[in-house]
Each structure stands twice: as structure tokens, then as C-alpha cells.
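Now for the letters of each chain:
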Amino acid sequence: MNCEECGKRPATLHLTKIVNGEKTEYHICEHCAQEKGDVFTGFHNFSINNLLSGLLKFDPMQKNGRETATSKPLRCETCGLTYAQFSKSGRFGCSDCYTFLGDKLDPLFRRIHGNTQHSGKVPERTGGQLKIRKELEQLKQALQSHVASEEFEKAAEMRDRIRALEQKMAQS
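Rules of the game
- Residues numbered from 1 in each chain as written.
- Predicted model: local features only at pLDDT ≥ 70, side-chain atom pairs only at ≥ 80, totals over all residues.
- Heavy atoms only, no water.
- Helix = DSSP H or I, 4+ residues; strand = E, 2+ residues; numbered from the N terminus.
- Buried < 20%, exposed > 50% of the residue type's maximum accessible area, 1.4 Å probe, protein only.
- pLDDT = per-residue confidence, 0-100.
- Contact = heavy atoms within 4.5 Å.
- Pairing = 2+ DSSP bridges.
- UniProt positions renumbered as here; feature names shortened; annotations may be inferred.
- Expected span 1.5 Å × (residues − 1).
- Arc of directions from axis to C-beta.

A. Structural detail: unusual backbone geometry. In this structure, N20 is a non-glycine residue whose phi angle is positive, near 50 degrees. With respect to the helices, strands and loops of the structure, N20 is situated in the loop between β1 (13-19) and β2 (22-28). One non-glycine residue with positive phi stands out, namely E150, at about 60 degrees. Locating E150 in the fold gives a position in the loop between α5 (128-148) and α6 (152-171). On the accessibility criterion, E150 (59% relative accessible area) is exposed.

Put into C-alpha cells, the structure is as follows:
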């Protein structure tokens, strides 16, 4: 797609503006965007790191974006990366960073994905134990609901299935 202003260069800036329900799209090149001035300034410096940094500003252990006096900055013991450095770059320094910074990342993942637990498919050959654990959790919840609603026969069935699965896990 070519620039709507000059028609010569490829459009690299695509802006969609919605005002009072009316959608307007602009497709222009960097050169024309700089000439247009303040309407398009600031967009050429956009990067995924800036987006991630904006999302990471949410931190329940900080107040107004600053660490509280009682909290100490989290740092990966392997590579020395701090949470502040991660929030600027959006990249981990090593494979251990997730372990050390994980507590601060959970609220971020919850905001982005809606949950912090995987609920998708599990590979057949490697997920045997995981499937059994998930089924155990579901059966224990069902057991609790049957006990609460005084359905003791169904609760006894759930209890027996739970015991059988626990034995199966112990054998593996």
C-alpha cells in the first residue's frame, strides 16, 4: 500500500481514528508523517517493548510506580536482572529470571490472559500425570459439592474414584 499523501513511498504508518462512532483510517509514509507534524508524532517510536513496559507499570507491591521503602528490588540470582530492568526491556536475562520474578509477573499474566493456569490441551505421551492430577482436582470438587448437598451415595462413588486415581499415581 502506498502513502495516501505523496503516493510515492510505501505506507509504514497506519492510524485508525474513531470519533463519535465514525472511523477514519490514515495510511502514510514516515516522511509525510514527519511533515504533517503533531497529528502523527510519537508513533514512529512505538515498539513492543514500550507496550510491555506500559503493561508492567501495574505492580501491586509498588505505589505510584515507585518501590515502597520496605520492599527491596527483586533480582535474579543467576544473571542479576532486576524487575525494573525487565519492565524496560520486556526480556528475561536467563532461564531462571521467571523463577525469581514470577511473583510479580502473576498479576500481569492475570490481566493479559485472564488466568495464570494453563487450561488447554496436554500432549498424550507426556501429560499422563498431569491429566490424572487435573481429574483428581475435579473429583475432589465434585465430592465437596455432593457432600454439601447431602448426596452421600454419589459422594462415596467420588471418594472411591479418587482413591483409585491416587493409587494409580503412586504406581507410576
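B. Just the confidence of the model for the protein, in detail. Confidence along the protein averages 76 in pLDDT terms, with 75% of residues attaining 70 or more. Averaged pLDDT values over the elements of the protein bottom out at 45 in strand β3 (residues 62-63) and peak at 90 in α6. Note on residues 58-70: pLDDT under 50 across the span, and 16 contacts to partners over four residues away in sequence or across chains.

C. Summary view of the pairing of β1. Pairing geometry for β1 and β2, over 7 bridges, is antiparallel. Note that in β2 the partner of I18 across the bridge is K23. Between β1 and β2, which pair antiparallel in sequence order, lie 2 residues; one of them, N20, sits at a positive phi of approximately 50 degrees.

D. Structural context of the UniProt feature "coiled-coil region" (unreviewed entry) in the protein. UniProt tags residues 133-168 as "coiled-coil region" (unreviewed entry). Between the end C-alpha atoms of residues 133-168 there is a gap of 11 Å, over a span that is 92% helix and 0% strand.

E. Representation of α6 in the model. Here α6 contains 20 residues, and its C-alpha end-to-end distance of 29 Å stays within 8% of the 28 Å for a straight helix at 1.5 Å per residue. Turning to α6, its buried residues are A155, M158, I162 and L165. Angular distribution of buried residues about the axis of α6 spans 85 degrees; they occupy a single face of the element. Among the exposed residues of α6, those oriented more than 90 degrees off its buried face are E153, Q167, A170 and Q171. Looking at the buried residues of α6, the elements they touch are α5.

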